[in-house]
2 protein chains.
Amino acid sequence: MLTKSSTELVRQQNSALVLAALRRAGNLSHTEISAETGLASATVSAITAELEKAGALAKAEQHVQGGRGRPRVLFTPRRDHGHLIVVRISSDVVQYSLVDYGGTLLDRFDEARNHDERGTAPFARAFVDALERLLQRSRLERDRVLAVSISSKGLVDGTSARLLWSPVFGREELDFAALLAPQWRVKVMLSNETLLVAQALATQAERKPESGFRALAAISLGHSIGLGVARKSQSGEMDVSAPNFGHMLHTPSAGLCRCGAYGCIEAAAGFYGILRAAFEVPADTIPAKFVPVAELDKIAASARQGHRMAGYAFRQAGIALGNGISRMLSLYERMPVHVTGPGIRYFDLMLPGIEEGLAQSMQVRLQGPPEIAIVADEQRLVFEGHLARALGVIDGDIASVGASAVPG
Amino acid sequence: MLTKSSTELVRQQNSALVLAALRRAGNLSHTEISAETGLASATVSAITAELEKAGALAKAEQHVQGGRGRPRVLFTPRRDHGHLIVVRISSDVVQYSLVDYGGTLLDRFDEARNHDERGTAPFARAFVDALERLLQRSRLERDRVLAVSISSKGLVDGTSARLLWSPVFGREELDFAALLAPQWRVKVMLSNETLLVAQALATQAERKPESGFRALAAISLGHSIGLGVARKSQSGEMDVSAPNFGHMLHTPSAGLCRCGAYGCIEAAAGFYGILRAAFEVPADTIPAKFVPVAELDKIAASARQGHRMAGYAFRQAGIALGNGISRMLSLYERMPVHVTGPGIRYFDLMLPGIEEGLAQSMQVRLQGPPEIAIVADEQRLVFEGHLARALGVIDGDIASVGASAVPG
DNA sequence: ATTATTTTCTCGACAGTCGAGAAAATGAAT
DNA sequence: ATTCATTTTCTCGACTGTCGAGAAAATAAT
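In what follows, the accompanying structure is described. (Residues numbered from 1 in each chain as written. Chains lettered and ligands numbered in written order. Predicted model: local features only at pLDDT ≥ 70, side-chain atom pairs only at ≥ 80, totals over all residues. Heavy atoms only, no water.)

Some words on the protein's contact with DNA strand D
In the region of DNA strand D, 28 residues are neighbours, and A:R72, B:R11, B:N14, B:A42 and B:R68 sit closest. Near the protein, meaning within 4 Å, the atoms of DNA strand D are sugar or phosphate in a fraction of 70%, with bases accounting for the rest. One of the backbone nitrogen or oxygen atoms of A:R70 is found 2.8 Å away from a base oxygen of DNA strand D. Counting only elements with at least two residues in the surface near DNA strand D, the list comes to helix 2 (30–37) and helix 3 (41–54) of chain A together with helix 1 (7–25) and helix 3 (41–54) of chain B. A class-by-class count of the residues in the surface near DNA strand D yields eight nonpolar, 11 polar and nine charged. (Near = heavy atom within 4 Å. Polar contact = N/O pair within 3.5 Å; in protein donor to acceptor, adjacent residues only side chain to side chain. Helix = DSSP H or I, 4+ residues; strand = E, 2+ residues; numbered from the N terminus. Nonpolar A, V, L, I, M, F, W, Y, C, P; charged D, E, K, R; others polar.)

Listed below in structure tokens is the structure:
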């Protein structure tokens, strides 16, 4: 259903547009903002004045220029307008970062996960404590934090900030909004990790409009398999989602998965699935909780030396991925695939299987196989995704309250 | 990327809102429009005056009322504001309908498809001729037609009105926009048939807001397998798509498909797939182009009498569907599934397989199986989908040109 | 006839965008 | 040193749109 519009909404939308342009292109002058957004110069004046009064923007003192004429004066986000806390939860460590409104990192520390502990309660305590510590280390008031952005592997309900299923906690739900509700009056955002990779790659692609970005997928290879999909809807807005790819059904013969089901993609293409196949462990063996990378490196080495079962293990992992990707493309559309995660070091071993798995499907026969690119530095991309997403939401909030909330 | 907004766009959006309310709820008075849309009474006056001047609306002469006070005067779409041609292409017949702007059917005829003919050229000629005939029969000028809305099974590029793959023409593309371009100056819309079923069911669900509609899927069972998905995006607009479900990879062992690939869902769950399995024809046999329904009825009868291979054929069809649905739900979200098409008469035979195929996946174990409903009358739903979609687009056009295009 | 009631229409206030041109700020030319 | 050309930023009035309040219209009840 469509929804009512009004002149105030117009201002809100255009304010958000100005903030987005500033995020995308860095510091911009009045005229550059006008060119970038398509807004008339007079409108830019009105909007920047409002945002300046609200404290979100400031004029940079240094006006760079060489040419003739009145020098341009650059607008820039006011870094002290607020702060953002980014939490990356991975299987062995949790990383806490403090970022300012300008997107620059102020503080960061890691906390090792205690693998002996069972259940979410101890983790929840450690989580709340760590946020508190982050404030203390920077002598920051809690109300200066505009948002907390959290990422984890697994199945996530983004609207309510609930972790529905994760490799670590299984079906035990974790409601981050409820966790912080008593003390923190901030927006809590929870995103799947690979969704953020897709988000980061998509914002990168949007920075160069000549690339004609439409859609992309990011696949993370590791103990578990993640998928993020970023697509531009016909209305022009970016739609990013994290389908449950790792536990999509591959084929029942792929064996028992960590999640308790049989035949998930992960059960064939995740690290433990590869290990199981290489060592010819029965497919209904409950797989190891954690497979050291050194172990997989050994299998990869023997596969590269021609060992049959090791090679087979990577090949069947590739087929599971190829089939899964082909199914994903059938349900969405043709789009480039970016592969990341620790598993990319074995990508050469999986590629023949992937190609085989792709070639079977009608979608690929019809439109050709998708471009596949390897992307290193997954953790940096996740962090960039956090920034793009959380700061974008914060900008939206600023635009929607406008200058009205600021007295005087 | 966000896009610039302006006061004119506000009017455009709100005009569309008024037209949509009128479509949804039938004829409405001034106050009802205001209540339905949330717009102020003064705004409704301005918009209805503009739309009346443009010729899209008129006041109904009869003012129904019982109570006191000034009687309400109902607004209604002006049926003669323009016309819509709806073309339903199915495997054996093409149905041409002429509809007015109010959505009432004015004329309709069917044309049998000639199965001997090869290639798209003869079909294209017959198509253009039939449209011409539709005009002549109602003595209608060509420029009174606002849009031509076409539906077919198969893979469709909705933005460009090109049929990319279809059961009948295979990979031979058919560009309907180009077909009509020389003579016709109308909007040409091409939609997958099952997409329109999903569209119709979704607009029905939206009519009762208490149902809290979020998403639904429509699956059509027949010679081929179709899927339509309708989802409300977070911005509130309806997003309807027709993923390539029938030719999504099920499992390579499902055998050769009409499309030339191996293991498509259709190769197991389409009519010819069931036939092949029941008669134990080798799985790489090129399947029959067309399977009479009587033939399948016989298999169903023997299956119901306990015949082993017949029962197995329907069961493996069900498993293919169940696996496919579970994969679809993994990639989107949990949503009710509506099953339609001629194949629903065998649904009881497939249901055990469907449930088995669903139960294997993690998504279903976690969130429970989706609600499955049987929906008869597929053809009526397709037609309703045509109307909802095409008239919605026409309304959008009217709102966007506004009264500006109409002289004095 | 008058009154109560409900609906529709109209008017002025307010919010927003835009184009044009004034004002500002600087380098180049005289 | 002053003036001129150039570029950027700012400001003003016109235009479009929404909204609330109250006037005007149309009918049933008194």
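Examining the relation of the copies chain B and chain A
Between the two copies, chain B and chain A, the superposition gives an RMSD of 0.0 Å; the rotation angle is 180° and the shift along the axis is 0.0 Å. In symmetry terms, the pair is related by a two-fold rotation axis. For chain B, the minimum C-alpha distance to the rotation axis belongs to B:T7 and amounts to 3.1 Å. (Least-squares fit on C-alpha atoms with pLDDT ≥ 70 in both.)

Describing the state of the cysteines
In the structure shown here, the tally under the stated rule is zero disulfides over all chains. Free of any disulfide, A:C257 has its nearest neighbouring cysteine sulfur in A:C259, separated by 3.7 Å. For A:C257, a relative accessible area of 2% corresponds to the buried category. Cysteine B:C259 shares no disulfide, and the gap to the nearest cysteine sulfur, in B:C264, comes to 3.7 Å. (Disulfide = S-S within 2.5 Å. Buried < 20%, exposed > 50% of the residue type's maximum accessible area, 1.4 Å probe, protein only.)

Quick notes on the packing of aromatic side chains
Each aromatic ring pair is described using two quantities: the centre-to-centre distance and the angle formed by the ring planes. Residue and element names in this part refer to chain A. A full pass over the atoms with the stated rule returns 15 aromatic pairs over all chains. With a centroid separation of 6.3 Å and an interplanar angle of 45°, the aromatic rings of Y96 and F127 are classed as tilted. In this pair, Y96 is assigned in strand 5 (residues 93–100) and F127 in helix 4 (residues 121–137), connecting sequence segments 31 residues apart. Exposure class is identical for Y96 and F127. Each is buried. Within the aromatic cluster, the residues linked to one another by ring pairs are Y96, F109, F123, F127, F169 and F176. Directly above the aromatic system of F383 lies the positively charged group of R108, at a separation of 4.7 Å from the ring centroid. (Phe/Tyr/Trp six-rings, centres within 6.5 Å; stacked < 30°, edge-to-face > 60°. Lys NZ or Arg CZ within 6 Å of the ring centre and 35° of its normal.)

Remarks on the protein's contact with DNA strand C
Surveying the vicinity of DNA strand C reveals 28 residues, the closest of which are A:R11, A:N14, A:R68, B:R70 and B:R72. A distance of 3.2 Å is found between a base nitrogen of DNA strand C and a side-chain nitrogen or oxygen belonging to B:S41. Within the side chain of B:R68, one N or O atom sits 3.3 Å away from a sugar or linking oxygen of DNA strand C. Mapped by element, the contributors of at least two residues to the surface near DNA strand C are helix 1 (7–25) and helix 3 of chain A together with helix 2 (30–37) and helix 3 of chain B. In terms of residues, the surface near DNA strand C owes the most to one element, helix 1 of chain A, which gives five residues. Across the surface near DNA strand C, the residue classes tally to eight nonpolar, 11 polar and nine charged.

Some remarks on the side chain of A:S152
Residue and element names in this part refer to chain A. Mapped onto the elements of the fold, S152 is located in strand 7 (residues 145–152). Since its relative accessible area comes to 5%, S152 is described here as buried. Excluding residues within four positions of it along the chain, S152 makes contact with I89, L163, S166, S191, N192 and E193. (Contact = heavy atoms within 4.5 Å.)

Observations regarding the interface of chain B and chain A
With 56 residues of chain B in contact, the opposing surface of chain A contributes 56 residues. Taking both partners together, chain B and chain A bury about 4,700 Å²; carbon and sulfur atoms supply 58% of that area. For the interface between chain B and chain A, the tally reads zero salt bridges. For the interface between chain B and chain A, the tally reads 21 residue pairs in polar contact (both at pLDDT 80 or more). Broken down by secondary-structure element, the contributors of at least two residues to the side of chain B that touches chain A are helix 1, strand 9 (162–165), strand 13 (226–232), helix 10 (308–331) and helix 12 (362–367) of chain B. With seven residues, the top contributor of residues to the side of chain B that touches chain A is helix 1 of chain B. Here the side of chain B that touches chain A is built from residues that sort into 24 nonpolar, 22 polar and 10 charged. (Buried area = accessible area lost by both parts, 1.4 Å probe. Salt bridge = Lys/Arg side-chain N within 4 Å of Asp/Glu carboxyl O.)

With respect to the pattern of salt bridges
Pairs can form between side chains of opposite charge once their charged atoms are near each other. For the structure shown, the criterion picks out 44 salt bridges over all chains. With its nearest N and O atoms 2.9 Å apart, the salt bridge here joins A:R380 to A:D377. Take A:D377: its relative accessible area is 44%, and that puts it in the partly exposed class. Between B:E32 and B:R72 there is a salt bridge, with the nearest N and O atoms lying 3.1 Å from each other. Of this pair, B:E32 sits in helix 2 while B:R72 sits in the loop between strand 2 (57–59) and strand 3 (74–77), and the two are 40 residues apart along the sequence. Accessibility expressed as a relative area gives 28% for B:E32, which makes it partly exposed. Taking the relative accessible area as the measure of exposure, B:R72 reaches 38% and is therefore partly exposed. Counted as one network, the salt bridges with shared partners bring together A:D157, A:R162 and A:E173.

Considerations on the environment of A:D397
All names here are of chain A. By the secondary structure assignment, D397 is in helix 13 (residues 378–401). The partly exposed category is assigned to D397, whose relative accessible area is 32%. Between the alpha carbons of D397 and A16 there is a distance of 8.7 Å; along the sequence they are 381 residues apart.

Points about the sheet that holds strand 16 (residues 372–374) of chain A
The strands making up a sheet associate through backbone hydrogen bonding, with each pair oriented either parallel or antiparallel. All names here are of chain A. Ordered by their spatial adjacency, five strands build an open sheet running 14-13-12-15-16, and the pairing between neighbours is mixed. Since the sheet does not close on itself, it has two edges, and those belong to strand 14 (238–241) and strand 16, each with one partner. Ignoring which end each strand starts from, the neighbouring axes of this sheet average 20° apart. The pairing of strand 12 (residues 215–220) with strand 15 (residues 337–340) spans four bridges and is classified as parallel. Within strand 15, the position partnered with A218 by the bridge is H338. (Pairing = 2+ DSSP bridges. Axes fitted to C-alpha atoms, helices over the stretch in contact; angles between N-to-C directions.)

Brief notes about the nonpolar core
Ranked by internal contacts, the top residues of the largest apolar core, which has 110 residues, are A:F245, A:M328, B:F245 and B:M328. Setting aside chain neighbours within four positions, we find A:M328 in contact with A:A217, A:L227, A:V229, A:F245, A:M335 and B:L331. (Core = buried A, V, L, I, M, F, W, Y, C linked by side-chain atoms within 4.5 Å.)

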